[in-house]
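Understanding the architecture of this molecule
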Amino acid sequence: MMAYIVRRVLYAIPILIGVNVLTFLLFFVVNSPDDMARMHLGMKRVTPEAIQTWKQERGYDRPLLYNDAAEGVGRLTDTIFFQKSLKLFQFDFGSSDSGRDIGYDISQRMWPSLAIAIPVLLVGLLVNITYALLIAFFRATYIDFWSVVLLVAMMSISGLFYIIGGQYLVSKLLHLVPISGYDTGWAAAKFLVLPVVIGVVGGVGAGTRWYRTLFLEEIDKDYVRTARAKGLSEPRVLFRHVLRNALIPILTGVVVVLPLLFMGSLITESFFGIPGLGSYTIDAINSQDFAIVRAMVFLGSVLYILGLLLTDISYTLVDPRVRLS
Amino acid sequence: MNGRPLLRVEGLRTWLGDHARPVRAVDGLDLEIHRGETLALLGESGCGKSMTALSIMRLLPPSGRIVAGHVFLGETALLDLPESAMRNERGGRMGMIFQEPMTSLNAVLTVGEQIAEAVRLHDPDSRDRVEERVVELLTAVGIPDPRRRLREFPHQLSGGMKQRVMIAIALAGRPELLIADEPTTALDVTIQAQVLALLKDLQQRTGMAVLLITHDLGVVSEVADRLAVMYAGQIIEVAATRGFFRQPRHPYSRKLFESMPGRNRRGRALAVIEGSVPDLASEFRGCRFLERCDRAMPVCAEEEPPWCDTGVDSGMRCHLCGREQTEAEVAGGQAAQVEEVEEPSRPLLEVQDLQVHFPIRKGVLKRVVGQVKAVDGVTLEIHQGRTLALVGESGCGKTTVGKGILQLIRPTGGAVRFGGDDLTRLDRRALRPRRTDMQIIFQDPVSSMNPRMLVGDIVAEGMRALGVVGDAREGRLRVAELLRQVGLSEEAASRYPHEFSGGQRQRICVARALAVNPRFIVCDEPTSALDVSVQAQILNLLKALQQDLGLSYLFITHDISVVDYLAHEVAVMYLGRIVEQGRVEEVLATPAHPYTRALLSAVPQVDPERRRQVIRLEGDMPSPADPPAGCFFHPRCPEATDQCRRAYPDEVSLSDSWRVSCFRVAAGTSARPGAGDGATG
Amino acid sequence: MSGELVVLWTDALIFLLLVVAVGFGVYAAGRPHLRGPWGAVVRSRVGMGTLVVLAFYVAVGLLDSIHFQPGDGNGGPAGAEVVSLFDTLVGGLRARQEKSYSAPLATRLYTKENIELPDGRTVRDYPRLRYGGAHLQDPESERLPDLLRLSAVGIVKGLVVSLVVANVLIMLLAGRNRSDYGSQARQLLRGRTGIPWRVALGMTTLMLVLVFWSAELAAKYHLLGTDKVGEDVFYQALKSIRTGLVIGTLTTLVMLPAAILLGIMAGYFRGWVDDLIQYTYTTLNSIPGVLLIAAAILMLQIYMSNHADEFNSLVERADLRLLFLCIILGVTSWTGLCRLLRGEALKLREVDYVQAATALGVGHMTIITRHILPNVLHIVLISVVLDFSGLVLAEAVLSYVNIGVDPTMNSWGNMINSARLEMAREPIVWWSLAAAMIFMFVLVLAANLLSDVVQDAFNPRLRNRR
């Protein structure tokens, strides 16, 4: 088991290097720091001096890969690649183009993101599994048919509509909760209810339909027939046998996204004005703050790979057939 | 039989599929089973025997429905019970076990939990001592060390063990009737013998009745008291087992008998039942067997034959009823036409010390820590026009030998000499011209043809790739000729594989192999996916081709009766090595190796006179990744000695063709065939 | 209609896709294993209904993909403006620009303005629209009867055309089935045909009635109102169809070759080829999609503003951005299919018929093209159909974050993006949002339903019981 985990972690290193090189190419080679400076300072009539100053302030005035001017190790370390890309491996994200410490911002903003993402995940899981089990119990009846119609319709609606519609209905017409905003501590709850509900509702269509397929696939299997031949009642067959087996793909599907919950939801957070990492990213994109985008790309990749690792491990825990030796 | 029957089925009709054109899987079936007896329901695939069982249990798939009939278990009319009451019968008075023990158990629950579930439901007396009862049941089905086993998951058990667990689940409710749906079909013959013996034993101890569903006449003969032959949704003959095996009455039953391969039919073509089982979605007017019957009369097409009793406890559904005695002995295969080929001197193919190992990787850097020795030093040779049968249980490496010879899997070591070249030394390009000489036919007629290609293209594929034919026209003519040669019409070329039945597909596969004019064909269980009547067609074809074209076969199989019928030499494999090989007459008549003896004794025999004492092998074959020290067979061998535990025995020659690897076999001659010595053949 | 044809990049690719689709159709017609499943799709009622709806969308999209620069008629230099065939067909809609917001079917602006009366006084009132309902003398009293009259005319026109279509269809069917008109018509109306023509006709009628009804109303009014700068929202929603279709289809087209080739190669050859390909897609996959797109689009923006003079027109620029978005979306979405195909190829290479081909000396390339590719094609097809709706929805989200299509391009995302700012207004301006949502919903719903049917038809193993 340990050897397996170590191997998977080692396997992650070349991938992270790949991600790192890729972002380096995208941000510093395809477009030079000069381009970025010009973009920020306004396109027309920018003096070379202004560009130079802008670059200097942010440390983009170094050579890309090799510094002739420096001495010794500095030739390699005093470069953009080392300072801006390789340092990410130490989770040293540097400062944003507007001068803030990205690492600090991330550590502050991940909590509001989690405050939404975790309830959405848990409540969503509960709702989807319950509904899917219900459909599986009433399979091949009108309840099944119309549920599927409903689910397909729900998943055909843009997520934006759930948010806008929900805000309009709940906050503007009914005045139940504030439209947007955030607070610290328990006071945040009133700001979180609506985004969580909308997150769950928006996910029911695709989620429940996927779980229904999983359940129905299991129901056709031989061991279910054995369970029925024992004389078990249908609910017992569903809960004890079908659910247990279908939970394996469900749980591993959840595990893979667990680390990414930190990244928050882009749209929800920006609509509801929640100061999480999602809105952080959006703001960075809108203000074209490349330092933040770069940091988030790297962070996202690390979390994704962590998710893959956790998935593999969770398989070995929940599925007795998978044994690592 | 006297007294009231335990189970009575009357006029059962079960339909599947849509209402517009239902498949009449069971179409008017009557059946009786008495307490303590075993009734075998015998039939080919698709005849409706499984649907019968599922109808009795009321476990039909969602598309199935019972449209007519009654089922009585004792006094209870099962089909009228509400579902909740039916659940008490299921697993209670009636238990059922299924064909696939691999998939029939829930993989994420322990064995103990799965049995305990049934105990809690149906055995109120044991409710406060569930675990003990589970251990009792596991002991009853012969699972060693039950206290440990009940905490294990199904994947930790072998196939035979899983089927025992299934039986334990069925026994939990102390059933009066056990329905066993092909309980041993997925198992090896030695394991099959264990499970059948267990069933017999349990029946004697508990007095339950068994409805045994099978396609295997041998199994019927071994365990059944009475049997019912099913064809196209109906029962066409019922008889006591003894009587039936002395003289089957219905033309279909007779044909089924005659199409069985075996020693006594050697040198003769097998009787075949032409065509295949009719489409059950169509409506029948006359006899359902009409089109395949060689004794059909005008009346057979006109009206459905009525049921007629032929004895106290026997009867059949045929218009010949009451008339058949006069011509009872007409049947029999065609006259002997297949001659034994004289053995030529030079071997066509020599395999020497063939090894195929698959690395096991482990650890952080995936280092190779071991080898699965699927084939571990196999030496054999095949002569022009001869058939060598390679027999063994699943997992012994026999298929890997076939693929290793053809270089479909690259051997790890050893040599394969064909026509002077060592094939293992040739690269892919250099092998290509050699491929015209050697071909392969696979077990599964469904997966062995690309479903997206026309039959003509499939047959012509090798000719094109190897440049056997010149232009397209010549190619088409050759394809037509090949199709005729294997007994299909030329029109088959412009159709797709799925339009053909299993037997026809296997013929197409034979045609594809023949297309490149091979001299040697690996037949990898070519008939084990087929029904016995269809199997006979393919065996006849292969034998005829060998005669006409002088082909050599490596015939990989687990079916001893086929070996007996077809092969000249036989090699018995166990755990990657050959333990005994020689002429069929020698090895099958007087097997020398304890494993061969056990294997042969486990084969169910149709003929009660030929039945021998079954040598029961304990346990299962070990994993080829971790073979036992010494002789690989010693942990299961009833005759093992200390010597066997220490070293692997050398080969001993019993005659110029017969070699055995066993310490217990006294050498007839001290000549020990050394490596590279191929002159013993 | 004279003018110089302009072939935008996406136009060219759309028509390439069309050629590929037609070619595939001809190829499939000769192969029962492909024709069969499509037959099942067409025979299902849901499949037929959604196909009809999608056909209307595709028709609009295709008409909107033939671009030209209208000449001034004198052979003089053409203006920089590029219009599509669709624009000329709905000509009026495009030109009739109001000053600002107006509600659906309104005759006056949505906001009060200072109006200078003929006598020189100014009053603050809702001014009349320049085009919407301009033919009415007294809009307050005449508007409703006029709307009803126009609706009636539109519906009747739609019904008449539907009737013609139905008759043509029945005659064609009667001709093919060698039956007479009457019995064929009865069969059809009772729904006794193998292909559910009744559903097809019903759906066509519904769509035609909608088309003619909206055409009648849109000619005189702004059917779905106008937006901030006074552009007709109905027109915007229609123009957005092409954007949605392009994103949904071209993205897949862009990624397919790489996904198919790499996926099959990884599974078939295994070894280092497999390692390399797996590494590539795991790396790409590990970058969060939105961020990769954001990074790429930001870079594109910089590039475009630095090289502004390389683009002839705004339309061309927007088009290139659209294409680029498709490519980058493709880069982020090919990995799923690739992994699926790798797994399938891994399985297929061990299947008996591939082994038999190897035993027959067939080469690697032939095995891949003849044995593996045809047997994974259904997976490709299912994933193409499955991806479509997700991509259409993704466009809206990306455009909302400003990393989608060009802000000057008509798209549902852009419509929503600009409309949401007005949600806070009192009274609320809802029609842009509603229009975008409804047009998008119908397309995505049809695509989702179709993908269900396609999946059932091509992959019976996964078939969900009804």
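Procedures and definitions
Residues numbered from 1 in each chain as written. Chains lettered and ligands numbered in written order. Predicted model: local features only at pLDDT ≥ 70, side-chain atom pairs only at ≥ 80, totals over all residues. Heavy atoms only, no water. Helix = DSSP H or I, 4+ residues; strand = E, 2+ residues; numbered from the N terminus. Rg over C-alpha atoms; globule rule 2.2 N^0.38 Å. Buried < 20%, exposed > 50% of the residue type's maximum accessible area, 1.4 Å probe, protein only. Contact = heavy atoms within 4.5 Å. Lys, Arg positive; Asp, Glu negative; His and termini not counted. Charge placed at Lys NZ, Arg CZ, Asp CG, Glu CD. Pairing = 2+ DSSP bridges. Axes fitted to C-alpha atoms, helices over the stretch in contact; angles between N-to-C directions. Buried area = accessible area lost by both parts, 1.4 Å probe. Salt bridge = Lys/Arg side-chain N within 4 Å of Asp/Glu carboxyl O. Nonpolar A, V, L, I, M, F, W, Y, C, P; charged D, E, K, R; others polar. Phe/Tyr/Trp six-rings, centres within 6.5 Å; stacked < 30°, edge-to-face > 60°. Lys NZ or Arg CZ within 6 Å of the ring centre and 35° of its normal. Disulfide = S-S within 2.5 Å. Left-handed = near helix turned anticlockwise from the far one by under 90°. Domains from an automatic or database assignment. UniProt positions renumbered as here; feature names shortened; annotations may be inferred.

As for the overall build of chain B
Of the regular secondary structure elements, chain B holds 22 helices and 24 strands. Over its C-alpha trace chain B gives a radius of gyration of 27 Å, about what one expects of a compact globule, namely 26 Å for 681 residues. With the C-alpha coordinates of chain B rotated into their principal frame, the extents come out at 75 × 65 × 50 Å. When burial is assessed residue by residue, chain B has 59% of its 681 residues classed as buried. If you take every contact in chain B between residues at least 6 apart in sequence, the share linking residues at least 24 apart comes to 66%. If you average the places of the 83 positive and of the 88 negative side-chain charges in chain B, the two averages end up 4 Å apart.

A word on the sheet that holds strand E24 (residues 659-661) of chain B
Residue and element names in this part refer to chain B. Taken in spatial order, the 8 strands make up an open sheet running E18-E19-E20-E15-E21-E22-E24-E23, and their pairing is mixed. The open sheet has two edge strands, strand E18 (438-441) and strand E23 (651-653), and neither has a second partner. In this sheet, neighbouring strand axes are inclined to one another by 20° on average, regardless of whether the strands run parallel or antiparallel. Packing against the sheet, helix H18 (residues 532-549) makes contact with strand E15 (387-391), E18, strand E19 (520-524) and strand E20 (552-557), and its axis sits at approximately 155° to E20.

What to know about the interface of chain B and chain C
Chain B puts 25 residues into the contact, and the matching count from chain C is 24 residues. For the chain B and chain C pair, buried surface summed over both sides reaches about 2200 Å², with 55% attributable to carbon and sulfur atoms. For chain B, the biggest contributors to the area lost against chain C are Arg428(B), Arg452(B) and Glu461(B); these three give 30% of the whole. Between Glu461(B) and Arg370(C) there is a salt bridge, and its shortest N-O distance comes to 3.3 Å. For the side of chain B that touches chain C, the secondary-structure elements that each account for two or more residues are E18 and helix H15 (455-466) of chain B. If you tally residues by element for the side of chain B that touches chain C, the top one is H15(B), at 4 residues. In terms of residue class, the side of chain B that touches chain C is built from 12 nonpolar, 5 polar and 8 charged.

Re the packing of aromatic side chains
A full pass over the atoms with the stated rule returns 23 aromatic pairs over all chains. A ring pair is formed by Trp430(C) and Trp431(C), whose centres lie 5.7 Å apart and whose planes are at 80°; its orientation type is edge-to-face. The exposure class assigned to Trp431(C) is buried, which follows from its relative accessible area of 2%. In this structure, Arg24(B) is placed above the aromatic ring of Trp15(B), and the distance from its NZ or CZ to the ring centre is 4.7 Å. In this arrangement the basic side chain of Arg349(C) is found over the ring face of Tyr268(C), its NZ or CZ atom lying 5.8 Å from the centre.

Brief notes about the state of the cysteines
Residue and element names in this part refer to chain B. Under the counting rule described, the total for this entry stands at 1 disulfide over all chains. Between the sulfur atoms of cysteine 308 and its disulfide mate cysteine 321 the distance is 1.5 Å. Looking down the S-S bond of the cysteine 308 and cysteine 321 bridge, the torsion is 95°, so its handedness is right-handed. Of this pair, cysteine 308 sits in strand E11 (residues 307-309) while cysteine 321 sits in the loop between strand E12 (315-317) and strand E13 (347-362), placing them 13 residues apart in sequence. A relative accessible area of 16% places cysteine 308 in the buried class. Under the relative-accessibility criterion, cysteine 321 is labelled partly exposed at 23%. Free cysteine cysteine 396: the closest other cysteine sulfur is in cysteine 631, separated by 15 Å. Overall, cysteine 396 belongs to the buried group, its relative accessible area being 0%. Free of any disulfide, cysteine 644 has its nearest neighbouring cysteine sulfur in cysteine 631, separated by 5.8 Å. The exposure class of cysteine 644 is buried, given its relative accessible area of 5%.

So, the packing of helix H9 (residues 233-269) of chain C against helix H16 (residues 431-458) of chain C
Residue and element names in this part refer to chain C. It is the contact of H9 with H16, at a shortest axis distance of 10 Å, that shows an interaxial angle of 35°. You can see that H9 and H16 cross each other, and the crossing is right-handed. Between H9 and H16, the residues in contact are Val233, Phe234, Ala237, Leu238, Ile241 and Leu245 and Trp431, Ser432, Ala435, Phe439 and Leu443, respectively. Here the residues of the contact of H9 with H16 are counted per class, giving 10 nonpolar, 1 polar and no charged.

Some details on the sheet that holds strand E2 (residues 67-70) of chain C
Residue and element names in this part refer to chain C. In spatial order, the strands read E1-E2-E3; together these 3 strands make up an open sheet with antiparallel pairing. A strand with exactly one partner marks an edge of an open sheet, and here the two such strands are strand E1 (3-6) and strand E3 (83-84). Two elements, E2 and E3, share 2 bridges in a ladder whose sense is antiparallel. By the bridge assignment for E3, phenylalanine 68 is matched with valine 83.

Description of unusual backbone geometry
Residues and elements named next belong to chain B. Positive phi, close to 55°, is recorded for arginine 58, a residue that is not glycine. Residue position: arginine 58 is located in the loop between helix H1 (49-57) and strand E4 (64-73). Phi is positive for glutamate 182, which is not a glycine, with a value near 45°. Residue position: glutamate 182 is located in the loop between strand E7 (177-181) and helix H8 (189-206).

A few points about the domain arrangement of chain B
Residues and elements named next belong to chain B. Its domain assignment divides chain B into domain 1 (7-93 + 175-316), domain 2 (347-437 + 518-667) and domain 3 (452-515). A straight line from the C-alpha centre of domain 1 to that of domain 2 covers 35 Å. Taken together, the 35 residues of domain 1 in the interface contact 36 residues of domain 2. Between domain 1 and domain 2 the total buried area reaches about 2900 Å² when both faces are included, carbon and sulfur atoms providing 55% of it.

Things to note about the pairing of strand E1 (residues 7-16) of chain B
One face of the sheet, then the other: side chains in a regular strand alternate in exactly this way. All names here are of chain B. Of the strand pairs in this sheet, E1 and strand E2 (residues 23-33) are connected by 8 bridges, and their pairing is antiparallel. Considered in E2, the bridge of arginine 13 is made with aspartate 27. The antiparallel pairing of E1 with E2 creates a hairpin that spans 6 residues between the two strands, and glycine 17 there sits at a positive phi of about 80°. Summarising the sheet, E1 and E4 pair through 8 bridges and their orientation is antiparallel. Bridging across to E4, tryptophan 15 finds its partner in arginine 65.

Regarding the environment of Arg240(A)
Here Arg240(A) lies in helix H11 (residues 234-257). Along the primary structure Arg240(A) and Ala227(A) are separated by 13 residues, whereas in three dimensions their C-alpha atoms are 9.4 Å apart. With near-sequence residues (within four places) excluded, Arg240(A) lies in contact with Asn106(B), Leu109(B), Glu113(B) and Glu117(B).

Re the UniProt feature "domain: ABC transporter" (unreviewed entry) in chain B
In the numbering used here, UniProt assigns the feature "domain: ABC transporter" (unreviewed entry) to residues 7-257 and 349-600 of chain B. With 39% helix and 26% strand, the stretch residues 7-257 of chain B has end C-alpha atoms that lie 28 Å from each other.

As for H1(B)
Residue and element names in this part refer to chain B. Burial analysis of H1 places 8 of its 9 residues in the buried class, the great majority of the element. Among all positions of H1, only Lys49, Met51, Thr52, Ala53, Leu54, Ser55, Ile56 and Met57 are buried. After H1 finishes, the residue arginine 58 shows a positive phi value of roughly 55°.

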